[in-house]
Amino acid sequence: GVDDFWVLKLKCLSANFTASNDTVCQHQPVFLTNYTVDATGYSWLADNVFFNNTPNASHVFHSPGTHKITLVVNNATCVDSLSQIIYVNPGPLADLGGSKSICPGSSITLDPGFAVNNSYYWSTAETTPTITVDSAATYRVTVTNILNGCLNIDTSIVSIYSPFFVNLGPDKNSCIGNTVSLNAGFYPGASYSWSSGQTTQVIITTATGPYSVTVTNANGCKAIDSANVTFNPKPNVNIGPNQNLCT
């Protein structure tokens, strides 16, 4: 008779791993734990791009959407792979625009970007979408999407420019017919605006009155000073007619 033969094909290696979560937030890691038995080599791929060759791994997806994690394992005789889909929820916008510098006595509004489904928590303990600050410090905001729980964090270092001053000196007095010079001082990159309408560092006047100058330096900071200028009439000297004296 004819003998019957059964061929039993055994799989000598079976890739096996789990992800910490199949739904994660943008910019947050998914942790990958390998459970493959008898493997000696490991290749992890995200969307078919290699990123790690250790038994366990983690990966951060920076773009929202549907992604694929694949583990390829091998030993001396076998190769196997397993894939899992990971869903990545978009994180909220949090962009303070980097470091800022402000003029002494001024303030700045920090705005990470507004969305109706976001909540905000600042390092100042405020919970408004924006804050206005006037002190040098590092400010941090945590923005949370209340629909999917994803969060984003950004920081901004606010510094204050060194103060600068304008000094026109004391009030000026002179005689009618003379001139008086007012000098606001030289500041590289500065602009000058006088109450008399002139825009130079130094002005020369022949008119009595108050004078003020606003100097705007290269950082956009302003300093103001003023001085009063008075022109007095010249004294009228009369020593009388010539005198004849007897000897």
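Look above for the structure.
Cut-offs applied
Residues numbered from 1 in each chain as written. Predicted model: local features only at pLDDT ≥ 70, side-chain atom pairs only at ≥ 80, totals over all residues. Heavy atoms only, no water. Helix = DSSP H or I, 4+ residues; strand = E, 2+ residues; numbered from the N terminus. Rg over C-alpha atoms; globule rule 2.2 N^0.38 Å. Buried < 20%, exposed > 50% of the residue type's maximum accessible area, 1.4 Å probe, protein only. Contact = heavy atoms within 4.5 Å. Lys, Arg positive; Asp, Glu negative; His and termini not counted. Charge placed at Lys NZ, Arg CZ, Asp CG, Glu CD. Polar contact = N/O pair within 3.5 Å; in protein donor to acceptor, adjacent residues only side chain to side chain. Disulfide = S-S within 2.5 Å. Pairing = 2+ DSSP bridges. Axes fitted to C-alpha atoms, helices over the stretch in contact; angles between N-to-C directions. Phe/Tyr/Trp six-rings, centres within 6.5 Å; stacked < 30°, edge-to-face > 60°.

**Q** Provide a residue-level description of the overall build of the protein chain, including the pertinent values.
**A** Within the protein chain, the regular secondary structure consists of zero helices and 20 strands. On C-alpha atoms alone, the protein chain measures out to a radius of gyration of 39 Å, which is more than a quarter above the 18 Å that the 2.2 N^0.38 rule sets for 247 residues. Principal axes of the C-alpha set define a box for the protein chain whose edges measure 180 × 35 × 25 Å. When each of the 247 residues of the protein chain is scored for burial, the buried share is 31%. Of the contacts formed within the protein chain by residues at least 6 apart in sequence, a portion of 51% connects residues at least 24 apart. Of the side chains in the protein chain, 8 bear a positive and 13 a negative charge, and the two mean positions are spaced by 16 Å.

**Q** Which residues make up the side chain of Asn34, and what values go with them?
**A** On the secondary structure map, Asn34 appears in strand S3 (residues 29-34). Relative accessible area serves as the criterion here: at 13%, Asn34 is assigned to the buried category. Here the side chain of Asn34 touches Thr36 through a polar contact of 2.8 Å, side chain to side chain. Apart from the residues lying within four places of it in its own chain, the contact partners of Asn34 are Asn16, Phe17, Tyr42, Trp44, Pro55, Asn56 and Leu71.

**Q** How would you explain the state of the cysteines if you had to name every residue and give the values?
**A** For the structure on display, the rule yields three disulfides. Take the cysteines of the protein chain that form disulfides and number them in order along the sequence; they join up as 1-3, 2-5, 4-6.

**Q** I'd love a proper account of the sheet that holds S3, names of residues and values included.
**A** Whenever strands of a sheet pair, they do so through backbone hydrogen bonds, lying parallel or antiparallel. Strand order in this open sheet of three strands is S1-S3-S6, and the pairing throughout is antiparallel. In the strand order of this sheet, the two ends are held by strand S1 (17-19) and strand S6 (57-60), each with one partner. Recorded for the sheet is a direction-independent mean angle of 20° between the axes of neighbouring strands. As paired elements, S3 and S6 share four bridges and run antiparallel to each other. Bridging from a neighbouring strand, Leu32 pairs with Ala57 of S6.

**Q** So what about the side chain of Asp154? Which residues, and what values?
**A** When you line up the elements, Asp154 lands in strand S14 (residues 151-160). Side-chain polar atoms of Asp154 contact the backbone nitrogen of Leu96, separated by 2.7 Å. Once residues within four sequence positions are removed from consideration, Asp154 is found in contact with Ala94, Asp95, Leu96, Gly97, Tyr139, Arg140 and Val141.

**Q** Talk me through the packing of aromatic side chains; I want residue IDs and the actual numbers.
**A** The final tally for this structure, using the stated rule, is three aromatic pairs. Aromatic pair Phe17 and Trp44: ring centres 5.1 Å apart, planes at 85°, arrangement edge-to-face. A residue pair is termed long-range when its members are at least 10 positions apart, and Phe17 in strand S1 and Trp44 in strand S4 (residues 41-46) qualify at 27 residues. A single burial state applies to Phe17 and to Trp44, both of which are buried.

**Q** Got a sec to walk through the pairing of S3? Specific residues and values, please.
**A** Burial of S3 is one-sided: the residues Val30, Leu32 and Asn34 facing one way are buried, the residues Pro29, Phe31 and Thr33 facing the other way are not. With three bridges joining them, S1 and S3 adopt antiparallel strand pairing. Looking at S3, one finds that Thr18 is bridged to Thr33.

None of the figures reported here should be taken as evidence of function without further support.
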